[in-house]
Amino acid sequence: MKNMMIAATMTAAANMAYAGAAMAQISEPTQETASPEATPAAAAAAQPQAPLDVITLPQGETAAAPEHKDQAPESRGIEEVIVTAQRREQSAQDVPVSITVLDAQQISNANITNSSDLATYTPSLSTNQRFGPESATFAIRGFTQDLRTTASVGVYFAEVVAPRGQSSQTSGDGAGPGELFDLENVQVLKGPQGTLFGRNTTGGAVLIVPKKPTDAFEGYAEASAGDFSLKRIQAVINTPVTDNFKLRFGVDSNHRDGHLKNYTGIGADDLGNVNYTSGRLSALWNITDTVDNYTILSYAYSKTHGSTSTLYQCNPSLAGNTFFVFVQPQCQQQLDDAKAAGNGGFYDLASTIETPLNLQKTLRAINTTTWAIDDELQLKNIFSYAHLHTENGSDIFGTQFHYELAGVRVDPDPNREFKIGISVPNPGEPVTSQETFVEELQLQGSSFGGAFEWTSGAYFEKSLPDGFSGNNSIALVSCNLASIEGDPSGYDCFDPLGGAVGGVLAQQFKTTYLNRALYAEGTYNFTEKFSTTVGARYTWDRTEGYGIKSRYTYLLGIERPDSPTVTETHPEVSSQAPTGQLQFAYKPIKDVMTYAKYVRGYRQGNVILAADAGIDTFEPEHVNSYEVGAKTSFRGWIPGRFNVAAFYNDLTDMQLQYGYVSTSSQTTTTIVNAGKARIQGVEVEAFLQPLPRLIWATSYSFLDTKLVKFDTDQPEVNAVAIPGTATPIAVQGDSLPFAPDHTVVTSLTYTLPLPEEIGSIDVGATYVYTGKRRSSATGSSPDDVLDPFSLLNANINWTSMFNSSFDLSFFATNVLDEKYMTYGSGTYYTLGFDSRAVGLPRMLGARLRYSFGG
């Protein structure tokens, strides 16, 4: 029934798009786009920015206004959006991929600084924020990167995939702090990208395109200020050194207090803060008329207090509550005491880590050499080096308990706490210290008078540790957190059970990834209207791990003489698979393209050094993806675009997260291959410019996901888990995690009719609705499905103030101050309580920019 509904929706929408485009063509003139420089009125009309939507326009893109007020408006057009979704520059309307494009101005208007911000404004794109927004991982159309898996969404900066992190906590693989500035745009490609892009991913790709050096001496300096003591400074300078050598340098420094209030008086008072500085140097060298070399050096440093979850509900029932004797009644007592002290607010939490920390340091060097061998053949070589260093110390669940059994205090020391799970730095060893090398050789060409366009290449990636990585995990034991320094043998911990269920686990990991691939794709244009694309890729993946886990146990307040017990593991996994696509595109009339395609996708398996032996590896997952769509553009009196796509995905051997409490005193997770899942949906996007000064854009995404087949009886997991604690993130019949059923993004931007000497002022508003999405398995928590939420943003941009080089902007995010959850722990029954991560409150700010040159 749902398949029929999607097909009917797709057919109706495509017919509407076709009819609208045909009607617009009947009266349109032959010109592509009226010149924005035709009149002063047209110049003013060229200022508004397109709203945040899947069909967005580059900065300043709009159509011309009529010559005189009394004159009937000419047929207007809109400029093309150029993307690189198929590794060559093309109009977004000619690419048979569902794609979202955000330009630099839109990113500024919405104050987007990290992965989670980006996902808020992109339908079908969501994030897992278990370890905070700086370490968020992407999901597209329900294809999720869980803790321990490799990325389901590849993130590419200047065509190079993001550096890998370790799997003990989410890090790497995303858009980290300091990357989203001085950009041409960000492109979100939806659906498997298993042919042309570096790593095989089942969900899609996010392409971050930085601005290249230009021939002009130009740049800008920008300062922002706002709520929570926001202070952000950006500066960019572009200078041609010679006729064939240009440089561009930029810096972005962003600091904001945290919106999460820690009421314990221990460690930082605020969490969820922003504190990063990044720099980027780009050089473009036109070595000859046919050979170019493009180099990027970048460095980003982010050090914050992290984002601890908030304890917010307790399970008072004994039934199914594995840790009832440990957490009741003190769980409810913590909530009651906090409320009585005025600390029961939505953003209040308890963090008892002396030094909460989320540290990320990213160094990248990218070198791209392009040789135009002749008019029809181009050779490109891409080499990159990246180093990622992360550290983390966080109170995972936000609890402040003492060691009690059935409500009776058994630890006499009030300075010690009973911790369900916290992560503290391992002395001298970061959570991640990983370097990644990428080499890609690519050949592009065209044949038969341009009728056949093709791309082929070879891909090599190696990511290896430059030392041990890891962290210390404290679980189900009572410790004085002020003593948590150095070796765990010096910790002041208390355990009346002598380590039967609790202790400290010191983890030291090394993981090496090797990925190689050969690929080729070609498009043959049989006529001007009909084309076929065939792509194929063969990938070889290998992952090797080496782990040392030292378990420290205590009897009462003394470390046991047989502690620590040391376990070494050497898991490894290899896989290889063919992937590719078959695609047909048909243009029945001008400005209308329909397409249908099949894609075979694949995501590699991995090792899990934090899991117990026997469940420390998992196998690849595969997807068969089917998609039909239509892309239309129309001009006439009301120019615009209307795009629609419908898709159906069969996912087999899905990689699914399992949480459990290990008999080796560790609250942890593993990954199992879960059988089969189904993902289907519809994406609709529309853009209209009903008046020269008014832009309306909207996009809608519907996702219907289901875990079709999954045997929850996992004997390997149950063998190492404390009974009753093994819980998958979804069970058979559930929707998939972090996949909103409905998403709407709609925007309006209006440019005020002002004299040219005043400058240009545009006013915009964006509304975002994010529907229900699963955070944990059915029956794991009363909040296993998170509630929908709505956000309203607004911005005012005054460009060229009084014909000067200054621009002034005001922005407001979450204007209505919506309070919403972004993550739920799903531990209501296994641990006896639930914790949550929450979204940002309302924030207001202003931005002043001075531009020069150009």
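Rules and cut-offs
Residues numbered from 1 in each chain as written. Predicted model: local features only at pLDDT ≥ 70, side-chain atom pairs only at ≥ 80, totals over all residues. Heavy atoms only, no water. Pairing = 2+ DSSP bridges. Helix = DSSP H or I, 4+ residues; strand = E, 2+ residues; numbered from the N terminus. Axes fitted to C-alpha atoms, helices over the stretch in contact; angles between N-to-C directions. Core = buried A, V, L, I, M, F, W, Y, C linked by side-chain atoms within 4.5 Å. Buried < 20%, exposed > 50% of the residue type's maximum accessible area, 1.4 Å probe, protein only. Contact = heavy atoms within 4.5 Å. Patch = residues over 30% accessible without salt bridge, like charges linked within 9 Å, V, L, I, M, F, W, Y side chains within 5 Å. Areas by Shrake-Rupley, 256 points an atom, 1.4 Å probe, with all protein chains shown as cover. Salt bridge = Lys/Arg side-chain N within 4 Å of Asp/Glu carboxyl O. Disulfide = S-S within 2.5 Å. Phe/Tyr/Trp six-rings, centres within 6.5 Å; stacked < 30°, edge-to-face > 60°. Lys NZ or Arg CZ within 6 Å of the ring centre and 35° of its normal. Polar contact = N/O pair within 3.5 Å; in protein donor to acceptor, adjacent residues only side chain to side chain.

A.B. asks: Just give me the short version of the sheet that holds strand β18 (residues 310-314), but keep the residues and values in it.
C.D. replies: A sheet is described by the order of its strands in space; here 3 strands give the open sequence β18-β54-β53, paired in antiparallel fashion. The sheet is open, and its two borders are formed by β18 and β53 (821-824), each paired with just one other strand. Strand after strand, the sheet turns through a mean of 35° between neighbouring axes, direction not considered. Taken together, the 4 bridges between β18 and strand β54 (residues 833-838) define a ladder with antiparallel strand orientation. When the sheet's bridge partners are listed, Cys314 is paired in β54 with Phe833.

A.B. asks: Describe the nonpolar core, listing the residues and the values that go with them.
C.D. replies: Ranked by size, the top nonpolar core spans 33 residues in total, and within it Ile112, Leu118, Leu125, Phe138, Val186, Val206 and Ile208 carry the most contacts. Of all the secondary structure elements, the ones that give two or more residues to this core are α4 (115-120), β5 (137-140), β7 (153-157), β9 (183-190), β10 (204-210), β17 (291-304) and β51 (789-799). With near-sequence residues (within four places) excluded, Ile112 lies in contact with Leu102, Ile107, Asp117, Leu118, Tyr121 and Leu180. Of all hydrophobic cores here, the second largest spans 30 residues; its members include Leu703, Val717, Val720 and Leu736.

A.B. asks: Could you give an account of a nonpolar patch on the surface, naming the residues involved and the relevant values?
C.D. replies: Together, Phe448, Tyr524, Phe526, Phe530, Val534, Leu582, Phe584 and Tyr586 line one region of the surface with nonpolar side chains, adding up to about 770 Å² of accessible area. Secondary-structure elements contributing two or more residues to the nonpolar patch are β32 (530-552) and β36 (572-586). When residues in the nonpolar patch are grouped by element, the largest group, 3 residues, is from β36. Within the secondary structure, Leu582 is located in strand β36. Residue Leu582 is classed as partly exposed on the basis of its relative accessible area, which comes to 37%.

A.B. asks: Which residues make up unusual backbone geometry, and what values go with them?
C.D. replies: Trans peptide bonds make up the majority, and among non-glycine residues the majority have a negative phi. The amide bond that connects Gln328 to the next residue, Pro329, takes the cis arrangement and shows omega of 5°. With respect to the helices and strands, the residue Pro329 is situated in the loop between α5 (324-327) and α6 (330-340). With an omega of 0°, the peptide bond between Ser563 and Pro564 qualifies as cis. Along the chain, the position of Pro564 falls in the loop between β34 (558-559) and β35 (565-569). Positive phi outside glycine occurs at Arg141, with the angle close to 55°. Relative to the elements of secondary structure, Arg141 occurs in the loop between β5 and β6 (143-144). The backbone of Leu476 shows a phi angle near 60°, a positive value even though the residue is not glycine. For Leu476, the location among the structural elements is in the loop between β28 (471-475) and β29 (477-479). The exposure class of Leu476 is buried, given its relative accessible area of 2%.

A.B. asks: Can you tell me about the state of the cysteines, naming the residues and giving the values?
C.D. replies: For the structure shown, the criterion picks out 2 disulfides. Residue Cys314 pairs covalently with Cys331 via a disulfide, S to S 1.9 Å. One quick way to see it: the torsion about the S-S bond of Cys314 and Cys331 is about -80°, and its sign makes the bridge left-handed. Residue Cys314 is located in strand β18, and its partner Cys331 is located in helix α6; the two are separated by 17 residues in the primary sequence.

A.B. asks: Account for the packing of aromatic side chains, with residues named and values stated.
C.D. replies: Overall, the coordinates contain 25 aromatic pairs when judged by the stated rule. With a centroid separation of 5.2 Å and an interplanar angle of 50°, the aromatic rings of Tyr156 and Phe197 are classed as tilted. Of this pair, Tyr156 sits in strand β7 while Phe197 sits in the loop between β9 and β10, and the two are 41 residues apart along the sequence. Judged by its relative accessible area of 5%, Phe197 is buried. Between Phe452 and Tyr524 the ring centres are 6.2 Å apart and the planes differ by 40°, which places this aromatic pair in the tilted class. Taken together, the positions of Phe452 in strand β27 (residues 452-465) and Tyr524 in strand β31 (residues 503-525) put the pair 72 residues apart, joining distant regions of the chain. On the accessibility criterion, Tyr524 (30% relative accessible area) is partly exposed. An aromatic cluster is present here, built from Phe448, Phe452, Tyr524, Phe526, Phe530 and Phe584 joined pairwise through their rings. The ring of Phe647 carries the charged tip of Arg141 above its face, separated from the ring centre by 3.8 Å. Seen from the ring of Tyr294, Lys212 lies directly overhead, with NZ or CZ sitting 4.9 Å from the centre.

A.B. asks: Requested: an account of the environment of Thr242, with residues and values cited.
C.D. replies: With respect to the element layout, Thr242 can be found in strand β12 (residues 230-242). In this structure the C-alpha to C-alpha distance between Thr242 and Asp215, which are 27 residues apart in sequence, comes to 9.1 Å. In terms of polar contacts, Thr242 uses its side chain to reach the side chain of Asn244, at 2.7 Å.

A.B. asks: Lay out the sheet that holds β9 in plain terms, naming residues and giving numbers.
C.D. replies: Ordered by their spatial adjacency, 5 strands build an open sheet running β3-β9-β10-β7-β8, and the pairing between neighbours is mixed. For this open sheet the edge positions go to β3 (99-103) and β8 (160-161), each flanked by a neighbour on one side alone. Relative to β10, β7 runs parallel, the two sharing 5 bridges. Its bridge partner being in β10, Tyr156 is matched across the sheet by Leu207.

A.B. asks: Describe the environment of Asp252, naming the residues involved and giving the relevant values.
C.D. replies: Within the secondary structure, Asp252 sits in strand β13 (residues 245-256). Residue class for Asp252 comes out buried when judged on its relative accessible area of 0%. The spatial distance from the C-alpha of Asp252 to the C-alpha of Gln234 is 4.5 Å, given a sequence separation of 18 residues. Ignoring anything within four residues of it in the chain, the contact list for Asp252 reads Phe181, Arg232, Ile233, Gln234, Tyr276, Thr277 and Ser278. Among the polar contacts made by the side chain of Asp252, one reaches the side chain of Tyr276 at a distance of 3.0 Å.

A.B. asks: Mind laying out the pairing of strand β43 (residues 666-673), listing which residues take part and the relevant values?
C.D. replies: β43 sits mainly inside the fold: 6 of its 8 residues count as buried. Here 8 bridges tie strand β42 (residues 655-662) to β43, and the two strands are oriented antiparallel to one another. In the sheet register, Gln655 faces β43, and the bridge partner there is Asn673.

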